[in-house]
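# An overview of the molecular structure
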Amino acid sequence: MDTMIEENGPSTHPEVSPSFQARQKLEALLNKNMKIRMTDGRTLVGLFLCTDRDCNVILGSAQEFLKSTDMFSQGEPRVLGLAMIPGHHVVSIEVEADSLEDTQGFRPRC
């Protein structure tokens, strides 16, 4: 039986490990467009580049959208570039559907 060493210790079946499955799902989201809503009402849109154990998120090519006072005003986005969002300020995260469709037929080789 093959044994694989992970950060959390040895594992005999990495495909069954919940941490392994979670990591695969997270890796599948890398370089996908995401929309992150924050506690202060702002929304950031950009490419998901990385995260850490504290749920901080790094977005590339990020744009900031301020909370509109009425539902008809959209406002101009502010270009931020590389942005770090502290995990405790994240309210919700959405992955843009177009970004997921691009990889439907793609399977990485291991």
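Scroll up for the structure.
Let me sum up the structure you'll find in this document.

This part is about unusual backbone geometry. For residues besides glycine, phi is generally negative; the peptide bonds are generally trans as well. Positioned with a positive phi, Asn31 is a non-glycine residue whose angle comes to about 65 degrees. Mapped onto the secondary structure, Asn31 falls in the loop between α1 (18-28) and β3 (33-38). For Cys55, which is not a glycine, the phi torsion comes out positive at approximately 65 degrees. In this fold, Cys55 is placed in the loop between β4 (43-51) and β5 (57-65).

Turning our eyes to something else, we now look at the pattern of salt bridges. Throughout the structure, instances matching the rule amount to five salt bridges. Here Arg23 makes a salt bridge to Glu27, at a shortest N to O gap of 3.0 Å. With Arg23 and Glu27 both in helix α1 and four residues apart, this pair spans about one turn of that helix. Between Asp40 and Arg42 there is a salt bridge, with its nearest N and O atoms 2.7 Å apart. For Asp40, a relative accessible area of 46% corresponds to the partly exposed category. Linked through salt bridges whose partners overlap, the residues forming this network are Asp40, Arg42, Glu64 and Arg78.

The strand order across the open sheet built from five strands is β6-β5-β4-β3-β7, with neighbouring strands paired in antiparallel fashion. Looking at which strands have only one partner, the edges of the open sheet turn out to be β6 (78-85) and β7 (90-95). Strand-to-strand twist across the sheet, computed as the mean angle between neighbouring axes with direction ignored, equals 30 degrees. Pairing of β3 with β7 involves five bridges; the strand directions are antiparallel.

Parameters at a glance
Residues numbered from 1 in each chain as written. Predicted model: local features only at pLDDT ≥ 70, side-chain atom pairs only at ≥ 80, totals over all residues. Heavy atoms only, no water. Helix = DSSP H or I, 4+ residues; strand = E, 2+ residues; numbered from the N terminus. Salt bridge = Lys/Arg side-chain N within 4 Å of Asp/Glu carboxyl O. Buried < 20%, exposed > 50% of the residue type's maximum accessible area, 1.4 Å probe, protein only. Pairing = 2+ DSSP bridges. Axes fitted to C-alpha atoms, helices over the stretch in contact; angles between N-to-C directions.

Taken by themselves, the reported measurements are silent on function.
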